[in-house]
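# Structure at a glance
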Amino acid sequence: MSVIYENNEEKIYIRGGIQLKGNVPISGAKNAALPLMTLSLLIKNGFELTNIPDLADTRLMSDLLNDLGVSINWKNDKLIFKGSPVKDEASYDLVRQMRASILILGPLLVSKGSAKVPLPGGCAIGSRPIDLHIMVMKALGANVYYDSGFIVASLKSDGLRGGIIDFPKVSVGATESAIMTAVLAKGKTKILNAAREPEIVDLGNCLIKAGANISGLGSNTINIEGVKELSSVSHQVISDRIEAGSFAIASSITKGDVEISKVNPMDLKKFFDVLRMNGMDIEIYGNNVRVSSSKRPLPYDISTEAHPGFPTDLQAQYMALMALAEGETIIKENIFENRFMHVAELMRMGAKVTINKHKAVVNGVKNLKGSKVMASDLRASMCLILGALAASGTSEIDGIYHLDRGYEKLVDKLSNLGADIKRLK
Ligand code: UD1
């Protein structure tokens, strides 16, 4: 089976300059759903997830698990998993399309006793190595080696045993790998320099409901005591903070007034603090955030950091806003080496940006102009959509299959807020 999740034929057309108004509900978080779905390799008798976003990436993960032998019933936003993996080798055609496929390595190894996972390919935003995932497997006592483009892992005769995993670098995915691989290992595991993202807490909370013994979630030290098995569980995926942040910028950049609902505002604390510094009105009530503005944004410098810092996944979108700010903004990208791919395209719309290694200097202009632009990756696509929403005239955005990876019903959601947006062949 080889399904290609990219569709090169469609384009998005936006006539900009319309203030967005109304309410937008936020979908389940892609980056929480993907690791949670891989738990179906570990939880074999009754596992359900709700609030799953319908995205190219979640469909791809579903196909990857299905190809391994897990049966999946997808109804609306609910996934019901049954059965267990029947093979230990993941499909190259599927893995190569999504970096997050590496998350199956630990659960597959624990479930089958061995795992053969193709090396995920390169990526537009940097080289994205997987050494920390391999470090996790070794620290917990697995044999791991590379063979002809595959990572091959197997258990030693005494299985996996707890250990100390001291990450030299904070990594979301490797922290998730460590949690998922350690929950059924014998004895205690300590994860030091762990990532603290809400999606990791969500993964841990689901595992705790299934009987895992985990403490310290959301801090940089996580302790796990292995249990013998995990029991059946139903879990609701948290809401997508990056989608929520993107809509907050959509409101800000169009001088709009948008209520964003089904969001956990605490997950975006740093981001909303920054938007307030930009002069936006941010009103938080329960799981709703109202973002409104009537003036040009004020410049405010940011540096991307691991959570709870400013998220790298909102850097490109924030640059679109600062492209229209009243002055100069410095944006530093500290997480990925090559995450300014959106800059050249944003400049086609009239943005003034210079890049020096990890630093972008954005000189705000009064107006952006509608242009033909090409999206290079998921968040870069959203940056261009945001620029187009604010620009005068019509923009044509190509490469939009990237958007399908991470934004559920984007065109419908923006149309409902009043945007003049169409997706056409
Ligand atoms: C996750 C998110 C992604 C987000 C990123 C940072 C998912 C599915 N994706 O990606 O949207 O942009 O966190 O918040 O949740 N690194 C290594 N070796 C490794 C792994 C990572 O050197 O084995 C480096 C990366 O190259 C990067 C840094 O660590 O420079 C952080 O990456 P990481 O947190 O692992 O990102 P992902 O989990 O891949």
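In what follows, the accompanying structure is described. (Residues numbered from 1 in each chain as written. Predicted model: local features only at pLDDT ≥ 70, side-chain atom pairs only at ≥ 80, totals over all residues. Heavy atoms only, no water.)

### Focus on the sheet that holds strand 2 (residues 21-25)
The 4 strands are arranged 2-14-16-15 in an open sheet whose pairing can be described as mixed. In this open sheet, the two edge strands, each paired with only one partner strand, are strand 2 and strand 15 (281-285). Pairs of neighbouring strands in the sheet enclose a mean axial angle of 15°, with direction left out of account. Strand contacts of helix 8 (residues 241-253): strand 2, strand 14 (257-261) and strand 16 (288-292), with the helix running at about 170° to strand 14, the strand carrying the most contacts. (Pairing = 2+ DSSP bridges. Helix = DSSP H or I, 4+ residues; strand = E, 2+ residues; numbered from the N terminus. Axes fitted to C-alpha atoms, helices over the stretch in contact; angles between N-to-C directions. Contact = heavy atoms within 4.5 Å.)

### Quick look at unusual backbone geometry
Note that the residue after His307, namely Pro308, is joined by a cis bond; omega there is 10°. If you trace the backbone, Pro308 turns up in the loop between strand 17 (302-303) and helix 10 (315-322). The phi torsion at Asn76 lies on the positive side, around 50°, for a residue other than glycine. As for its position among the elements, Asn76 is in the loop between strand 4 (71-75) and strand 5 (78-82). Its identity as a non-glycine residue notwithstanding, Lys409 has a phi of 50°, on the positive side. Structurally, Lys409 is set in the loop between helix 13 (401-404) and helix 14 (410-416).

### A look at the site of the ligand
The immediate surroundings of the ligand are formed by 18 residues, with Asp131, Ser171, Val172, Asp313 and Ile335 found nearest. Asn31 places a side-chain nitrogen or oxygen 3.0 Å from an oxygen atom of the ligand. Here a nitrogen atom of the ligand and a side-chain polar atom of Asp131 are 2.7 Å apart. In the complex, 85% of the free accessible area of the ligand, which totals 740 Å², lies under the protein chains. Going through the elements one at a time, helix 5 (131-139) and helix 6 (172-182) are the ones with two or more residues in the shell around the ligand. Looking at the shell around the ligand element by element, the count peaks at 3 residues for helix 5. (Near = heavy atom within 4 Å. Polar contact = N/O pair within 3.5 Å; in protein donor to acceptor, adjacent residues only side chain to side chain. Areas by Shrake-Rupley, 256 points an atom, 1.4 Å probe, with all protein chains shown as cover.)

### A short note on the side chain of Glu396
Relative to the elements of secondary structure, Glu396 occurs in strand 22 (residues 394-398). Engagement of the side chain of Glu396 in a polar contact is seen with the side chain of Lys11, the distance being 3.3 Å.

### Quick look at the packing of helix 6 against helix 7 (residues 198-209)
Direction vectors running N to C along helix 6 and helix 7 enclose 10°, while the axes themselves pass 10 Å from each other. Considering their axes alone, helix 6 and helix 7 lie roughly parallel with respect to each other. Residues Val172, Thr175, Glu176, Ile179 and Met180 of helix 6 pack against Glu199, Ile200, Leu203 and Leu207 of helix 7. A per-class count over the contact of helix 6 with helix 7 returns 6 nonpolar, 1 polar and 2 charged. (Parallel < 35°, antiparallel > 145°, perpendicular 65-115°, else oblique. Nonpolar A, V, L, I, M, F, W, Y, C, P; charged D, E, K, R; others polar.)

### Details of the environment of Gly387
By the element assignment, Gly387 lies in helix 12 (residues 378-390). Here the alpha-carbon distance between Gly387 and Asn367, two residues 20 residues apart in the chain, equals 9.8 Å. The residues touching Gly387, leaving out its near neighbours within four places in the chain, are Ile253, Ala320, Met349 and Leu368.

### A word on the environment of Gly393
Structurally, Gly393 can be placed in the loop between helix 12 and strand 22. A relative accessible area of 38% means that Gly393 is categorised as partly exposed. Distance in space between the C-alpha atoms of Gly393 and Met319 is 20 Å, their sequence separation being 74 residues. (Buried < 20%, exposed > 50% of the residue type's maximum accessible area, 1.4 Å probe, protein only.)

### Focus: the packing of aromatic side chains
Enumeration over the complete set of coordinates arrives at 4 aromatic pairs. For the pair Phe271 and Phe310, a centre-to-centre distance of 5.8 Å together with 55° between the ring planes defines the contact as tilted. With Phe271 in helix 9 (residues 269-277) and Phe310 in the loop between strand 17 and helix 10, the pair connects residues that are 39 residues apart, well separated along the chain. Every member of this aromatic cluster is reached through a ring pair, and the members are Phe271, Phe272, Phe310 and Tyr318. A cation sits over an aromatic face here: Arg59 above Trp74, 4.7 Å from the ring centre. A cation over a ring is seen here: Lys116 above Phe150, with NZ or CZ 4.6 Å from the ring centre. (Phe/Tyr/Trp six-rings, centres within 6.5 Å; stacked < 30°, edge-to-face > 60°. Lys NZ or Arg CZ within 6 Å of the ring centre and 35° of its normal.)

### What about the sheet that holds strand 21 (residues 372-374)?
Paired through their backbone hydrogen bonds, the strands of a sheet run either parallel or antiparallel. Spatial strand order, 21-22-1-23: 4 strands in an open sheet with mixed pairing. Here the strands that pair on one side only, and so sit at the sheet edges, are strand 21 and strand 23 (420-424). Within this sheet the neighbouring strands show an average axis-to-axis angle of 20°, counted without direction. Here strand 21 runs beside strand 22; their pairing, made up of 3 bridges, is parallel. Bridged to Met374 within strand 22 is Asp398.

### A closer look at the packing of helix 5 against helix 6
At a minimum axis separation of 8 Å, helix 5 and helix 6 run at an interaxial angle of 20°. Between helix 5 and helix 6, the crossing angle belongs to the class labelled roughly parallel. The element helix 5 and its partner helix 6 pack so that their crossing is right-handed. Facing helix 5, whose interface residues are Leu132, His133, Val136 and Met137, helix 6 presents Gly173, Ala174, Ser177, Ala178 and Thr181. (Left-handed = near helix turned anticlockwise from the far one by under 90°.)

### Let's talk about the nonpolar core
Grouped together as the largest cluster of nonpolar side chains are 70 residues, with contacts concentrated most on Leu39 and Ile179. Beyond its immediate sequence surroundings of up to four residues, Ile179 is in contact with Ile191, Ile200, Leu207, Ile214, Leu217, Ile222 and Ile224. Membership of the second largest hydrophobic core comes to 69 residues, among which are Val274, Val365, Leu384 and Ile400. (Core = buried A, V, L, I, M, F, W, Y, C linked by side-chain atoms within 4.5 Å.)

### What about the side chain of His342?
Its location among the elements puts His342 in helix 11 (residues 342-348). Separated by 3.1 Å, the side chains of His342 and Gln315 make a polar contact. For His342, the contacting residues outside a window of four places in its chain are Gln315, Ala316, Met319, Ser376, Ala380, Cys383 and Leu384.

So, to be careful, I would describe these as geometric facts and stop short of saying anything about function.
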